[in-house]
Amino acid sequence: MYEYMICNAPDDDVFSRQCQAMEARIPNLKKGKLLIDVDGSQTQLYSVDSHRISVHNSYYIGAVYVKSEIDLIPFFSITTR
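1. Re the overall build of the protein chain
Part 1 of the argument: Summing up its helical and strand segments, the protein chain has two helices and five strands in all.
Part 2 of the argument: The globule rule puts the C-alpha radius of gyration for 81 residues at 12 Å, and the 13 Å found for the protein chain is close to it.
Part 3 of the argument: Taking the principal axes of the C-alpha coordinates as reference, the protein chain spans close to 40 × 25 × 20 Å.
Part 4 of the argument: A buried classification covers 35% of the 81 residues belonging to the protein chain.
Part 5 of the argument: Expressed as a percentage of contacts within the protein chain between residues at least 6 apart in sequence, the contacts between residues at least 24 apart total 46%.
Part 6 of the argument: Here the protein chain has roughly 5500 Å² of accessible surface; of this, 52% comes from carbon and sulfur atoms.
Part 7 of the argument: Taking the average place of the 8 positive charges on the side chains of the protein chain and the average place of its 10 negative ones, the gap between the two points comes to 7 Å.

Quick look at the structure:
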């Protein structure tokens, strides 16, 4: 399992932008359910080629982070021209 810390505080805007970035950059990404906890925390579920990815905006942990069964770095690497 891969984990990526996106922001060290819960943030609705950062969460939304992270979801949009993943949807734009990862081919064959299928958007699943958006789960909302009683404390306002959000988890957006995704799948790609039978692998699970989840984006979390957690008020309990105090962070925006991604958990993934695949390495996401290649989809976000900056290429030089």
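2. Comments concerning the side chain of N57
Part 1 of the argument: Secondary-structure assignment places N57 in strand 4 (residues 51-58).
Part 2 of the argument: A distance of 2.8 Å separates the side chain of N57 from the backbone nitrogen of D11, its partner in a polar contact.
Part 3 of the argument: In contact with N57, not counting residues within four places along its chain, are P10, D11, D12, F15, S41, Q42, A63 and V64.

Calculation rules
Residues numbered from 1 in each chain as written. Predicted model: local features only at pLDDT ≥ 70, side-chain atom pairs only at ≥ 80, totals over all residues. Heavy atoms only, no water. Helix = DSSP H or I, 4+ residues; strand = E, 2+ residues; numbered from the N terminus. Rg over C-alpha atoms; globule rule 2.2 N^0.38 Å. Buried < 20%, exposed > 50% of the residue type's maximum accessible area, 1.4 Å probe, protein only. Contact = heavy atoms within 4.5 Å. Areas by Shrake-Rupley, 256 points an atom, 1.4 Å probe, with all protein chains shown as cover. Lys, Arg positive; Asp, Glu negative; His and termini not counted. Charge placed at Lys NZ, Arg CZ, Asp CG, Glu CD. Polar contact = N/O pair within 3.5 Å; in protein donor to acceptor, adjacent residues only side chain to side chain.

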